[in-house]
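Secondary and tertiary structure notes
The chain contents come next:
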Amino acid sequence: MFYQLFRPLLFSLEPERAHAVTFSLLRTAHRLGLLSLIRAAQTDDPVTLMGLTFRNRLGIAAGLDKNGTCIDALGALGVGFVEVGTVTPKSQSGNPPPRIFRIPQALALINRMGFPNDGMMAVCARLAKRHYSGVCGVNIGKNASTALEQAVDDYVACLHAVAPYADYVAVNVSSPNTVGLRSLQAVDHLRPILSALLHEREQLKSRLNRYLPIVVKIAPDLQHEELQQLASLLLELKVDGVIATNTTLQRPDNWPLGALAEEKGGLSGAPVHTLSLTTVRSLRAMLGSSFPIIGVGGVASVAQARAMRDAGADLVQVYTGLIYRGSSLINDVLSAFSQR
Ligand SMILES: Cc1cc2nc3c(=O)[nH]c(=O)nc-3n(C[C@H](O)[C@H](O)[C@H](O)COP(=O)(O)O)c2cc1C
(Lines give C-alpha, C1' and ligand atoms only; values in the text may rest on other atoms or scores of the structure.)
Protein backbone atom coordinates (compact mmCIF):
# COMPACT_ATOMS: atom_id res chain seq x y z
CA MET A 1 0.00 0.00 0.00
CA PHE A 2 2.70 2.42 1.20
CA TYR A 3 5.07 1.24 -1.55
CA GLN A 4 2.37 1.43 -4.23
CA LEU A 5 2.14 5.17 -3.52
CA PHE A 6 5.91 5.61 -3.66
CA ARG A 7 6.57 3.39 -6.66
CA PRO A 8 5.70 5.85 -9.47
CA LEU A 9 8.16 8.32 -7.94
CA LEU A 10 10.89 5.68 -7.67
CA PHE A 11 10.19 4.41 -11.18
CA SER A 12 10.60 7.95 -12.51
CA LEU A 13 14.23 7.70 -11.40
CA GLU A 14 17.00 5.78 -13.14
CA PRO A 15 17.03 2.26 -11.53
CA GLU A 16 20.36 2.61 -9.69
CA ARG A 17 19.34 6.04 -8.39
CA ALA A 18 16.01 4.57 -7.23
CA HIS A 19 17.92 1.80 -5.47
CA ALA A 20 20.14 4.31 -3.65
CA VAL A 21 17.14 6.43 -2.61
CA THR A 22 15.25 3.35 -1.37
CA PHE A 23 18.21 2.13 0.68
CA SER A 24 18.64 5.56 2.19
CA LEU A 25 14.91 5.73 3.11
CA LEU A 26 15.01 2.20 4.52
CA ARG A 27 18.02 2.98 6.70
CA THR A 28 16.40 6.17 8.00
CA ALA A 29 13.08 4.41 8.67
CA HIS A 30 14.96 1.68 10.51
CA ARG A 31 16.89 4.18 12.65
CA LEU A 32 13.60 5.83 13.59
CA GLY A 33 12.05 2.47 14.45
CA LEU A 34 9.43 2.87 11.74
CA LEU A 35 9.89 -0.42 9.91
CA SER A 36 7.92 -2.30 12.56
CA LEU A 37 4.89 -0.34 11.27
CA ILE A 38 5.06 -1.90 7.80
CA ARG A 39 6.32 -5.32 8.81
CA ALA A 40 4.11 -8.39 9.33
CA ALA A 41 3.15 -8.93 12.97
CA GLN A 42 4.24 -12.55 12.98
CA THR A 43 7.48 -13.43 11.20
CA ASP A 44 8.78 -16.35 13.25
CA ASP A 45 8.37 -19.79 11.70
CA PRO A 46 11.77 -21.30 12.46
CA VAL A 47 13.48 -23.96 10.41
CA THR A 48 16.90 -25.55 10.83
CA LEU A 49 18.90 -26.21 7.68
CA MET A 50 22.64 -26.72 7.08
CA GLY A 51 23.09 -26.45 10.84
CA LEU A 52 21.66 -22.91 10.86
CA THR A 53 18.39 -21.82 12.38
CA PHE A 54 16.45 -19.54 10.07
CA ARG A 55 13.72 -17.41 11.68
CA ASN A 56 11.56 -18.18 8.65
CA ARG A 57 12.00 -19.51 5.11
CA LEU A 58 12.10 -16.22 3.20
CA GLY A 59 15.30 -14.35 2.39
CA ILE A 60 16.74 -11.47 0.37
CA ALA A 61 18.65 -12.69 -2.71
CA ALA A 62 22.21 -11.62 -3.54
CA GLY A 63 22.71 -8.44 -5.53
CA LEU A 64 20.22 -6.25 -3.69
CA ASP A 65 22.65 -5.41 -0.88
CA LYS A 66 25.93 -5.92 -2.70
CA ASN A 67 28.01 -4.02 -0.16
CA GLY A 68 26.31 -4.82 3.13
CA THR A 69 25.14 -1.25 3.60
CA CYS A 70 21.53 -2.09 4.45
CA ILE A 71 21.60 -5.43 6.29
CA ASP A 72 19.90 -4.23 9.46
CA ALA A 73 17.08 -2.42 7.67
CA LEU A 74 16.43 -5.31 5.27
CA GLY A 75 16.48 -7.72 8.20
CA ALA A 76 14.01 -5.50 10.06
CA LEU A 77 11.49 -6.12 7.27
CA GLY A 78 11.06 -9.56 8.83
CA VAL A 79 13.00 -11.87 6.51
CA GLY A 80 14.73 -14.96 7.85
CA PHE A 81 17.99 -14.32 6.03
CA VAL A 82 19.86 -11.74 3.98
CA GLU A 83 22.48 -12.66 1.39
CA VAL A 84 25.05 -9.91 0.88
CA GLY A 85 27.23 -9.62 -2.26
CA THR A 86 28.42 -10.63 -4.72
CA VAL A 87 31.74 -9.50 -3.24
CA THR A 88 35.09 -9.88 -4.96
CA PRO A 89 38.61 -9.64 -3.47
CA LYS A 90 39.30 -6.17 -4.87
CA SER A 91 36.75 -3.38 -5.25
CA GLN A 92 35.61 -2.88 -8.83
CA SER A 93 33.20 -0.58 -10.62
CA GLY A 94 31.39 -3.15 -12.76
CA ASN A 95 30.11 -2.57 -16.27
CA PRO A 96 29.43 0.94 -17.60
CA PRO A 97 25.90 2.29 -17.02
CA PRO A 98 23.13 2.02 -18.03
CA ARG A 99 23.16 -1.55 -16.72
CA ILE A 100 19.75 -2.14 -15.17
CA PHE A 101 16.55 -1.98 -17.21
CA ARG A 102 12.98 -2.18 -15.87
CA ILE A 103 10.37 -4.02 -17.91
CA PRO A 104 7.22 -3.31 -15.86
CA GLN A 105 4.77 -4.91 -18.31
CA ALA A 106 6.54 -8.25 -17.69
CA LEU A 107 7.36 -7.60 -14.00
CA ALA A 108 10.97 -8.14 -15.03
CA LEU A 109 14.44 -6.60 -14.98
CA ILE A 110 17.46 -7.05 -17.20
CA ASN A 111 20.79 -6.32 -15.55
CA ARG A 112 24.42 -6.46 -16.58
CA MET A 113 25.92 -5.01 -13.41
CA GLY A 114 29.14 -7.07 -13.50
CA PHE A 115 29.69 -7.22 -9.72
CA PRO A 116 30.28 -3.55 -8.83
CA ASN A 117 31.31 -3.75 -5.17
CA ASP A 118 33.54 -2.17 -2.55
CA GLY A 119 35.75 -5.26 -2.22
CA MET A 120 35.74 -7.97 0.44
CA MET A 121 37.54 -6.05 3.20
CA ALA A 122 35.16 -3.07 3.11
CA VAL A 123 32.17 -5.42 3.12
CA CYS A 124 33.64 -7.45 6.01
CA ALA A 125 33.94 -4.27 8.07
CA ARG A 126 30.21 -3.64 7.58
CA LEU A 127 29.26 -7.26 8.26
CA ALA A 128 31.16 -7.05 11.54
CA LYS A 129 29.06 -4.08 12.62
CA ARG A 130 25.64 -5.53 11.77
CA HIS A 131 22.97 -5.82 14.47
CA TYR A 132 20.62 -8.07 12.48
CA SER A 133 20.50 -11.35 14.36
CA GLY A 134 19.02 -13.40 11.50
CA VAL A 135 21.11 -15.51 9.16
CA CYS A 136 23.47 -13.49 6.96
CA GLY A 137 25.04 -15.20 3.96
CA VAL A 138 27.82 -13.78 1.83
CA ASN A 139 27.89 -14.40 -1.91
CA ILE A 140 31.41 -14.49 -3.39
CA GLY A 141 32.77 -14.11 -6.92
CA LYS A 142 35.88 -13.30 -8.90
CA ASN A 143 37.18 -9.94 -10.06
CA ALA A 144 36.67 -9.16 -13.74
CA SER A 145 40.43 -8.65 -14.08
CA THR A 146 41.25 -12.14 -12.74
CA ALA A 147 41.81 -14.73 -15.46
CA LEU A 148 39.35 -17.65 -15.37
CA GLU A 149 42.27 -20.02 -14.73
CA GLN A 150 43.04 -18.05 -11.53
CA ALA A 151 39.38 -17.82 -10.43
CA VAL A 152 39.96 -20.35 -7.67
CA ASP A 153 42.38 -17.93 -5.94
CA ASP A 154 39.72 -15.21 -5.84
CA TYR A 155 37.09 -17.56 -4.40
CA VAL A 156 39.49 -18.85 -1.74
CA ALA A 157 40.60 -15.30 -0.84
CA CYS A 158 36.96 -14.26 -0.44
CA LEU A 159 36.09 -17.30 1.66
CA HIS A 160 39.08 -16.65 3.91
CA ALA A 161 38.12 -12.99 4.39
CA VAL A 162 34.37 -13.36 4.90
CA ALA A 163 34.35 -16.59 6.94
CA PRO A 164 34.44 -14.89 10.36
CA TYR A 165 31.44 -12.71 9.44
CA ALA A 166 29.26 -15.01 7.33
CA ASP A 167 26.70 -17.58 8.50
CA TYR A 168 27.01 -19.26 5.09
CA VAL A 169 28.98 -18.59 1.92
CA ALA A 170 27.40 -18.77 -1.55
CA VAL A 171 29.76 -19.51 -4.43
CA ASN A 172 28.50 -17.57 -7.43
CA VAL A 173 29.43 -19.31 -10.67
CA SER A 174 26.26 -18.27 -12.47
CA SER A 175 26.30 -14.54 -13.10
CA PRO A 176 26.05 -13.92 -16.85
CA ASN A 177 27.77 -10.54 -16.57
CA THR A 178 31.37 -11.53 -15.82
CA VAL A 179 32.97 -12.93 -18.96
CA GLY A 180 33.31 -16.72 -18.78
CA LEU A 181 32.04 -17.03 -15.19
CA ARG A 182 29.25 -19.42 -16.10
CA SER A 183 31.72 -21.83 -17.67
CA LEU A 184 32.89 -22.50 -14.11
CA GLN A 185 29.67 -24.47 -13.57
CA ALA A 186 31.09 -27.27 -15.70
CA VAL A 187 32.23 -30.00 -13.31
CA ASP A 188 35.81 -30.00 -14.60
CA HIS A 189 36.11 -26.37 -13.57
CA LEU A 190 33.86 -26.47 -10.54
CA ARG A 191 35.50 -29.48 -8.89
CA PRO A 192 38.88 -27.78 -8.24
CA ILE A 193 37.17 -24.60 -7.05
CA LEU A 194 34.87 -26.39 -4.61
CA SER A 195 37.65 -28.71 -3.44
CA ALA A 196 39.88 -25.71 -2.70
CA LEU A 197 37.05 -23.98 -0.82
CA LEU A 198 36.26 -27.07 1.24
CA HIS A 199 39.97 -27.41 2.03
CA GLU A 200 40.16 -23.75 3.06
CA ARG A 201 37.13 -24.21 5.29
CA GLU A 202 38.87 -27.15 6.96
CA GLN A 203 41.91 -24.93 7.58
CA LEU A 204 39.68 -22.28 9.15
CA LYS A 205 37.82 -24.75 11.35
CA SER A 206 39.63 -24.19 14.64
CA ARG A 207 39.67 -20.42 14.17
CA LEU A 208 35.95 -20.27 13.41
CA ASN A 209 34.83 -22.72 16.04
CA ARG A 210 31.50 -23.23 14.23
CA TYR A 211 30.33 -24.90 11.07
CA LEU A 212 30.33 -22.67 7.97
CA PRO A 213 28.04 -24.03 5.25
CA ILE A 214 29.13 -23.53 1.64
CA VAL A 215 26.46 -23.46 -1.08
CA VAL A 216 26.70 -23.06 -4.86
CA LYS A 217 24.51 -20.68 -6.88
CA ILE A 218 23.62 -21.88 -10.34
CA ALA A 219 22.01 -20.60 -13.54
CA PRO A 220 18.58 -21.52 -14.91
CA ASP A 221 20.09 -22.18 -18.33
CA LEU A 222 21.86 -25.51 -17.75
CA GLN A 223 20.98 -28.53 -19.89
CA HIS A 224 19.61 -31.59 -18.11
CA GLU A 225 22.90 -33.47 -18.40
CA GLU A 226 24.95 -30.51 -17.10
CA LEU A 227 22.59 -30.24 -14.15
CA GLN A 228 22.87 -33.96 -13.51
CA GLN A 229 26.68 -33.80 -13.48
CA LEU A 230 26.62 -30.77 -11.23
CA ALA A 231 24.21 -32.46 -8.80
CA SER A 232 26.43 -35.54 -8.64
CA LEU A 233 29.44 -33.33 -7.86
CA LEU A 234 27.57 -31.52 -5.06
CA LEU A 235 26.66 -34.87 -3.51
CA GLU A 236 30.13 -36.33 -3.96
CA LEU A 237 31.92 -33.35 -2.39
CA LYS A 238 29.24 -33.01 0.30
CA VAL A 239 28.61 -29.36 -0.51
CA ASP A 240 26.02 -28.01 1.95
CA GLY A 241 23.40 -26.67 -0.43
CA VAL A 242 22.49 -25.12 -3.75
CA ILE A 243 20.82 -21.85 -4.72
CA ALA A 244 18.72 -22.09 -7.88
CA THR A 245 18.64 -19.84 -9.78
CA ASN A 246 20.48 -16.76 -10.96
CA THR A 247 19.16 -14.66 -13.87
CA THR A 248 18.64 -16.14 -17.34
CA LEU A 249 20.23 -15.33 -20.67
CA GLN A 250 17.10 -16.62 -22.39
CA ARG A 251 14.35 -14.28 -23.55
CA PRO A 252 11.22 -16.43 -23.24
CA ASP A 253 8.96 -15.31 -26.11
CA ASN A 254 5.71 -15.62 -24.19
CA TRP A 255 6.59 -12.45 -22.24
CA PRO A 256 6.09 -8.86 -23.48
CA LEU A 257 9.70 -7.77 -23.15
CA GLY A 258 9.58 -5.27 -26.01
CA ALA A 259 12.72 -3.67 -27.40
CA LEU A 260 14.58 -4.10 -24.09
CA ALA A 261 14.80 -7.83 -24.80
CA GLU A 262 17.76 -6.88 -26.98
CA GLU A 263 19.72 -5.51 -24.01
CA LYS A 264 22.61 -7.71 -22.94
CA GLY A 265 22.42 -9.16 -19.44
CA GLY A 266 20.48 -11.46 -17.16
CA LEU A 267 16.70 -11.45 -17.12
CA SER A 268 14.98 -11.74 -13.73
CA GLY A 269 11.43 -11.56 -12.41
CA ALA A 270 8.29 -13.19 -13.79
CA PRO A 271 9.87 -14.51 -17.04
CA VAL A 272 12.50 -16.53 -15.15
CA HIS A 273 10.04 -18.12 -12.73
CA THR A 274 9.19 -21.23 -14.76
CA LEU A 275 12.86 -21.82 -15.60
CA SER A 276 13.85 -21.52 -11.92
CA LEU A 277 11.01 -23.82 -10.83
CA THR A 278 12.01 -26.44 -13.40
CA THR A 279 15.62 -26.26 -12.22
CA VAL A 280 14.60 -26.61 -8.57
CA ARG A 281 12.29 -29.54 -9.38
CA SER A 282 15.03 -31.34 -11.32
CA LEU A 283 17.57 -30.71 -8.58
CA ARG A 284 15.23 -32.06 -5.93
CA ALA A 285 14.83 -35.27 -7.95
CA MET A 286 18.59 -35.54 -8.51
CA LEU A 287 19.74 -34.60 -5.01
CA GLY A 288 17.21 -36.50 -2.91
CA SER A 289 14.80 -35.28 -0.29
CA SER A 290 17.21 -33.96 2.34
CA PHE A 291 19.70 -31.88 0.32
CA PRO A 292 19.21 -28.16 1.12
CA ILE A 293 17.86 -26.17 -1.85
CA ILE A 294 17.28 -22.41 -1.84
CA GLY A 295 14.82 -21.47 -4.58
CA VAL A 296 14.95 -18.05 -6.24
CA GLY A 297 13.55 -16.65 -9.47
CA GLY A 298 10.45 -14.65 -10.24
CA VAL A 299 8.74 -14.93 -6.88
CA ALA A 300 6.37 -11.95 -6.66
CA SER A 301 3.30 -13.51 -5.03
CA VAL A 302 2.20 -16.03 -2.44
CA ALA A 303 1.30 -18.48 -5.21
CA GLN A 304 4.79 -18.25 -6.72
CA ALA A 305 6.45 -18.64 -3.33
CA ARG A 306 4.32 -21.73 -2.67
CA ALA A 307 5.15 -23.07 -6.13
CA MET A 308 8.85 -22.72 -5.29
CA ARG A 309 8.34 -24.65 -2.06
CA ASP A 310 6.28 -27.29 -3.87
CA ALA A 311 9.04 -27.67 -6.48
CA GLY A 312 11.34 -28.68 -3.63
CA ALA A 313 12.91 -25.51 -2.25
CA ASP A 314 13.51 -25.48 1.51
CA LEU A 315 14.04 -21.73 1.54
CA VAL A 316 12.95 -19.02 -0.91
CA GLN A 317 14.69 -15.79 -1.87
CA VAL A 318 13.32 -12.68 -3.56
CA TYR A 319 14.79 -9.76 -5.47
CA THR A 320 12.86 -8.50 -8.52
CA GLY A 321 9.50 -9.12 -6.81
CA LEU A 322 10.51 -6.59 -4.16
CA ILE A 323 11.18 -3.94 -6.82
CA TYR A 324 7.62 -4.31 -8.10
CA ARG A 325 5.75 -5.07 -4.87
CA GLY A 326 7.84 -3.68 -2.03
CA SER A 327 7.72 -5.12 1.47
CA SER A 328 4.08 -6.25 1.14
CA LEU A 329 5.53 -9.21 -0.76
CA ILE A 330 7.50 -10.18 2.35
CA ASN A 331 4.45 -9.77 4.60
CA ASP A 332 2.18 -11.78 2.31
CA VAL A 333 4.62 -14.66 1.83
CA LEU A 334 5.50 -14.87 5.52
CA SER A 335 1.89 -15.00 6.59
CA ALA A 336 1.17 -17.69 3.95
CA PHE A 337 4.23 -19.73 4.95
CA SER A 338 3.31 -19.61 8.63
CA GLN A 339 -0.12 -21.04 7.83
CA ARG A 340 0.97 -24.21 6.08
C1 LIG B 1 20.04 -5.92 -10.46
C2 LIG B 1 20.37 -7.32 -10.05
C3 LIG B 1 21.64 -7.60 -9.53
C4 LIG B 1 21.97 -8.91 -9.14
N5 LIG B 1 23.20 -9.15 -8.62
C6 LIG B 1 23.52 -10.40 -8.21
C7 LIG B 1 24.77 -10.68 -7.62
O8 LIG B 1 25.61 -9.78 -7.42
N9 LIG B 1 25.04 -11.95 -7.26
C10 LIG B 1 24.14 -12.97 -7.43
O11 LIG B 1 24.43 -14.12 -7.07
N12 LIG B 1 22.93 -12.73 -7.97
C13 LIG B 1 22.60 -11.48 -8.35
N14 LIG B 1 21.37 -11.24 -8.90
C15 LIG B 1 20.44 -12.38 -9.12
C16 LIG B 1 19.40 -12.49 -8.01
O17 LIG B 1 20.01 -12.77 -6.77
C18 LIG B 1 18.40 -13.63 -8.34
O19 LIG B 1 19.10 -14.86 -8.35
C20 LIG B 1 17.72 -13.46 -9.69
O21 LIG B 1 17.44 -12.10 -9.94
C22 LIG B 1 16.41 -14.23 -9.78
O23 LIG B 1 15.53 -13.86 -8.74
P24 LIG B 1 14.38 -12.73 -8.92
O25 LIG B 1 13.60 -13.08 -10.14
O26 LIG B 1 13.57 -12.82 -7.65
O27 LIG B 1 15.06 -11.42 -9.05
C28 LIG B 1 21.02 -9.96 -9.29
C29 LIG B 1 19.74 -9.66 -9.81
C30 LIG B 1 19.41 -8.37 -10.18
C31 LIG B 1 18.03 -8.10 -10.71
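So, a few notes on the structure that sits alongside this text. (Residues numbered from 1 in each chain as written. Predicted model: local features only at pLDDT ≥ 70, side-chain atom pairs only at ≥ 80, totals over all residues.)

The next point concerns the sheet that holds strand 4 (residues 81-87). Overall, parallel pairing links the eight strands, which are arranged 3-4-7-8-9-10-12-13 in a closed barrel. This sheet shows a mean twist of 25° between the axes of neighbouring strands, independent of strand direction. Its contacts with the sheet place helix 9 (residues 270-287) against strand 10 (241-244) and strand 12 (293-296), and it is angled at close to 165° to strand 12. (Pairing = 2+ DSSP bridges. Helix = DSSP H or I, 4+ residues; strand = E, 2+ residues; numbered from the N terminus. Axes fitted to C-alpha atoms, helices over the stretch in contact; angles between N-to-C directions. Contact = placed C-beta atoms within 7 Å.)

A few words on the packing of helix 7 (residues 187-208) against helix 8 (residues 224-237). As a packed pair, helix 7 and helix 8 sit with axes 11 Å apart at the nearest point and diverge in direction by 20°. It follows from the interaxial angle that helix 7 and helix 8 lie roughly parallel. As helix 7 packs across helix 8, the resulting crossing turns out to be right-handed. In this structure, helix 7 uses Val 187, Leu 190, Arg 191, Leu 194, Ser 195 and Leu 198 to contact helix 8, whose residues at the interface are Gln 229, Leu 230, Leu 233 and Leu 237. Across the contact of helix 7 with helix 8, the residue classes tally to seven nonpolar, two polar and one charged. (Parallel < 35°, antiparallel > 145°, perpendicular 65-115°, else oblique. Left-handed = near helix turned anticlockwise from the far one by under 90°. Nonpolar A, V, L, I, M, F, W, Y, C, P; charged D, E, K, R; others polar.)

A few words now on the site of the ligand. Neighbouring the ligand are 28 residues, the closest being Ala 61, Gly 63, Ser 268, Tyr 319 and Thr 320. When residues of the shell around the ligand are traced back to their parent elements, those giving at least two are strand 4, strand 6 (108-111), strand 11 (266-269) and helix 11 (320-325). A per-class count over the shell around the ligand returns eleven nonpolar, 15 polar and two charged. (Near = placed C-beta within 6 Å.)

Tracing the chain through its elements places Glu 202 in helix 7. Overall, the presence of 9 C-beta atoms within 10 Å leaves Glu 202 in the exposed class. Distance in space between the C-alpha atoms of Glu 202 and Leu 212 is 9.7 Å, their sequence separation being ten residues. (Buried ≥ 20, exposed ≤ 12 C-beta atoms within 10 Å, placed from the backbone.)

Next up on the list: helix 10 (residues 302-311). Among the residues of helix 10, those classed as buried are Gln 304, Ala 305, Ala 307, Met 308 and Arg 309. Among the structural elements, helix 9, strand 12, strand 13 (315-318) and helix 12 (328-339) are those in contact with the buried residues of helix 10. After helix 10 finishes, the residue Gly 312 shows a positive phi value of roughly 125°.

Next up on the list: the pairing of strand 6. Side chains Ala 108 and Ile 110 of strand 6 all project onto a buried face; the interleaved residues Leu 109 and Asn 111 project onto the opposite face, where all are buried too. Here four bridges tie strand 5 (residues 100-103) to strand 6, and the two strands are oriented antiparallel to one another. From the neighbouring strand, Ile 103 faces strand 6, where its bridge partner is Ala 108. Here strand 5 folds back onto strand 6 in antiparallel fashion, the turn holding four residues, of which Leu 107 has a positive phi close to 50°.

Next up on the list: the nonpolar core. Of all hydrophobic cores here, the largest spans 96 residues; its most connected members are Ile 140, Val 162, Val 169, Val 171, Val 215 and Val 242. In contact with Ile 140, not counting residues within four places along its chain, are Gly 85, Thr 86, Val 87, Tyr 155, Cys 158, Leu 159, Val 162, Val 169, Ala 170, Val 171 and Asn 172. (Core = buried A, V, L, I, M, F, W, Y, C linked by C-beta atoms within 7 Å.)

Before going further, it helps to examine helix 2 (residues 15-31). An ideal rise of 1.5 Å per residue puts 24 Å on 17 residues; helix 2 measures up with 24 Å between its terminal C-alpha atoms. Listing the buried residues of helix 2 in full gives Thr 22, Leu 26 and His 30. Down the axis of helix 2, the sector holding all buried residues measures 65°, keeping them to one side. In helix 2, the exposed residues that point more than 90 degrees away from the buried face are Arg 17, Thr 28 and Arg 31. Gly 33 sits one or two positions beyond helix 2 and adopts a positive phi of about 75°. (Expected span 1.5 Å × (residues − 1). Arc of directions from axis to C-beta.)

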